[in-house]
Amino acid sequence: MMRPEAFLGGAPAVWASAPGRVNLLGEHTDYNEGFMLPLATPQRTEVALAPSEDGRHHAYSSNLDHSLVFGPQTAPGPGFGRYLDGCMRVLAEAGASVPPLRIYVRSRVPLGAGLSSSAALEVATLRALCNWCQFPLDPLRLAQLAQQAEIRFAGVQCGILDQMAASLGDDQHPLLIDARSLAWRPIPLPPASSVIVIDSGVARSLAASHYNQRRGECQQAARLLGVDSLRDVADASLVDQLPEPYRSRARHVLSENARVLAAADGVDAARFGALMNASHASLRDDFAVSHPALDALTSLLRAEPGVYGARLTGAGFGGACVALCAAGQAARTGAQVVAAFNANGGAARVLIPEPQRGDDEPI
Ligand code: GLA
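Remember, predicted model here, so these are calculated numbers, not experimental data.

Caption draft 1: Molecular detail of the packing of aromatic side chains. As enumerated under the stated definition, the model contains 3 aromatic pairs in all. Ring geometry for Tyr31 against Tyr211: centres 5.4 Å apart, planes inclined by 75°, an arrangement best described as edge-to-face. Highlighted residues: Tyr31 in the loop between β1 (14–23) and β2 (35–36) and Tyr211 in helix α6 (residues 207–225), separated in sequence by 180 residues. Both residues of the pair, Tyr31 and Tyr211, belong to the buried class. Three or more aromatic residues joined by ring pairs make a cluster, and in this case those are Phe7, Tyr60 and Tyr104. Between the NZ or CZ atom of Arg102 and the centre of the ring of Phe7, over which it lies, the distance is 4.4 Å.

As structure tokens, this is what we get:
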């Protein structure tokens, strides 16, 4: 693993960082112009910049211990370079002049665990580039450019959830986001509660293709209902007349929006937890994005005293679970659930509360 100074040829001229996100409620609603309630992760991705003297970009990921070269005429290939290249291109299109750079990346946001390490990388990269190029962007516009980088250069038709959470969120206050107006406001967590996040250890291998398929199904459901987006369905009973799978997909989106709005209304931890449990059931049964490992983990979490509710978080098909529990019990409960899950051959690990690590230790 190379240190920043070694790769950059001296102290970095610019450092920037951004968090990942854990979505507490509001899954697969963002691309249906609905509501979400994400929290930023305490883990962050850091990006450092220095000038490049040979007219090309040089990038290094300390997590992957991998470096690559790309430039105006050379594509970065698959992997983390696509995100960097995408950010540079969308920023140049927005009017910034991006010179050849050396880019050092390190991340405590776990890669591929469903906490949106990609949005953390995009937002941190854009922050660093804006600073370098003296091209100020407001945080919402920055989130929108990050989303464009992901859609156009990483090939995932994502919504705005991850990038808004990474650009606007903090790890203490969930953000209520309206994906239609792009309005947001922080709300408090329910009193005397804290959050547990556990990575199931199941990689989200087919996530991109299944994700794009679900998105298409929602669009088709809206078309069959004669509306532009599922946000516009005023009479929920119309959904019952749709053929499957559109009926179930639309039912999830409508019920999930209602759960987010109910939770944002200042409910206590028990009610918030019940909404999380209902969200998981809806994602499993109506939206069909759960996985046996996520069902097992959420069951183990719910069986613990002090846990109010648990659900999968992120796109699904693997990745992580989130639970709400009594304040002060998250570390102990998380460790217990992971031990029980792994006793049957699992590879789960607690992500939040963040385990103590050495300063230079990669994820
Ligand atoms: C992924 C996407 C988000 C959102 C979630 C599901 O994280 O990047 O835009 O759609 O899945 O809620």
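Caption draft 2: Structural view of the sheet that holds strand β11 (residues 320–326). Strand order in the open sheet made by the 4 strands is β10-β11-β9-β12, with antiparallel pairing throughout. Each edge of the open sheet carries a strand with a single partner, namely β10 (307–313) and β12 (349–352). Within this sheet the neighbouring strands show an average axis-to-axis angle of 30°, counted without direction. Helix α9 (residues 292–302) rests against β9 (193–199), β10 and β11 of the sheet, and its axis sits at about 165° to β10. Here helix α10 (residues 330–342) sits on the sheet and contacts β9, β10, β11 and β12; the angle it forms with β9, its principal contact strand, is near 30°.

Caption draft 3: Fine view of the environment of Ala146. In this structure, Ala146 sits in helix α4 (residues 139–154). Using a relative accessible area of 0% as the deciding quantity, one classes Ala146 as buried. Along the primary structure Ala146 and Cys87 are separated by 59 residues, whereas in three dimensions their C-alpha atoms are 6.5 Å apart. Leaving out residues up to four positions away in the same chain, Ala146 has contacts with Glu122, Val123, Leu126 and Gln163.

Caption draft 4: Inspection of the nonpolar core at higher detail. Within the largest apolar cluster, 39 residues are counted, with the highest numbers of intra-cluster contacts made by Ile196, Ile198, Leu230, Val239, Phe287 and Leu301. Those elements giving two or more residues to this core turn out to be β9, α6, α7 (246–263), α9, β10, β11 and α10. In terms of residues, this core owes the most to one element, α6, which gives 5 residues. The two domains that each donate at least three residues to this core are domain 1 (4–186) and domain 2 (193–352). Apart from residues no more than four positions distant in its own chain, Leu230 is found in contact with Asn32, Cys218, Ala221, Ala222, Leu225, Ala250, Val253 and Leu254.

Caption draft 5: Spatial organisation of the pattern of salt bridges. Using the criterion set out here, one finds 18 salt bridges in the structure. Of the charged contacts, one joins Arg56 and Asp54 as a salt bridge, the two residues approaching to 3.4 Å between their closest N and O atoms. The exposure class of Asp54 is partly exposed, given its relative accessible area of 40%. Asp232 serves as the salt-bridge partner of Arg180, at 2.9 Å between the closest nitrogen and oxygen. Of this pair, Arg180 sits in the loop between β7 (175–178) and β8 (184–186) while Asp232 sits in the loop between α6 and α7, and the two are 52 residues apart along the sequence. The exposure class of Arg180 is partly exposed, given its relative accessible area of 37%. Among the ionic contacts, a cluster of salt bridges with common partners joins Glu27, Glu256, Arg259 and Arg311.

Caption draft 6: Molecular detail of the site of the ligand. The environment of the ligand is made up of Arg21, Glu27, His28, Asp30, Tyr31, Cys158, Gly159, Leu161, Asp162, Tyr211 and Ala315. Side-chain polar atom of Glu27 to an oxygen atom of the ligand: 2.7 Å apart, as the coordinates give it. One of the side-chain N or O atoms of Asp162 is found 2.6 Å from an oxygen atom in the ligand. Its free accessible area being 310 Å², the ligand has 94% of it covered by the protein chains. Its residues placed into classes, the shell around the ligand shows 5 nonpolar, 2 polar and 4 charged.

Caption draft 7: Local environment of the sheet that holds strand β4 (residues 57–61). The strand order across the open sheet built from 5 strands is β1-β3-β6-β4-β5, with neighbouring strands paired in mixed fashion. Looking along the sheet, the strands with just one partner apiece sit at the ends: β1 and β5 (66–70). Across the sheet, the mean angle separating the axes of adjacent strands is 20° when strand polarity is ignored. Bridging between β4 and β5 involves 5 bridges; their strand directions are antiparallel. Residue pairing across strands places Ser61 opposite His66, the latter belonging to β5. Packing of helix α3 (residues 117–133) onto the sheet brings it into contact with β1, β3 (38–51) and β6 (101–107), and relative to β1 it is tilted by some 155°.

Caption draft 8: How the structure looks around the state of the cysteines. One pass over the structure, following the stated rule, counts 0 disulfides. Here Cys158 is not disulfide-linked; the sulfur of Cys87 is the nearest cysteine sulfur, at 11 Å. Free cysteine Cys325: the closest other cysteine sulfur is in Cys321, separated by 14 Å.

Caption draft 9: Inspection of α3 at higher detail. Over its 17 residues, α3 extends 24 Å from the first C-alpha to the last, a length consistent with the 24 Å expected when each residue adds 1.5 Å. Positive phi shows up at Gln134, right after α3, with a value of about 50°.

About the thresholds
Residues numbered from 1 in each chain as written. Predicted model: local features only at pLDDT ≥ 70, side-chain atom pairs only at ≥ 80, totals over all residues. Heavy atoms only, no water. Phe/Tyr/Trp six-rings, centres within 6.5 Å; stacked < 30°, edge-to-face > 60°. Helix = DSSP H or I, 4+ residues; strand = E, 2+ residues; numbered from the N terminus. Buried < 20%, exposed > 50% of the residue type's maximum accessible area, 1.4 Å probe, protein only. Lys NZ or Arg CZ within 6 Å of the ring centre and 35° of its normal. Pairing = 2+ DSSP bridges. Axes fitted to C-alpha atoms, helices over the stretch in contact; angles between N-to-C directions. Contact = heavy atoms within 4.5 Å. Core = buried A, V, L, I, M, F, W, Y, C linked by side-chain atoms within 4.5 Å. Domains from an automatic or database assignment. Salt bridge = Lys/Arg side-chain N within 4 Å of Asp/Glu carboxyl O. Near = heavy atom within 4 Å. Polar contact = N/O pair within 3.5 Å; in protein donor to acceptor, adjacent residues only side chain to side chain. Areas by Shrake-Rupley, 256 points an atom, 1.4 Å probe, with all protein chains shown as cover. Nonpolar A, V, L, I, M, F, W, Y, C, P; charged D, E, K, R; others polar. Disulfide = S-S within 2.5 Å. Expected span 1.5 Å × (residues − 1).

Functional significance is not addressed by these values, which are geometric in nature.
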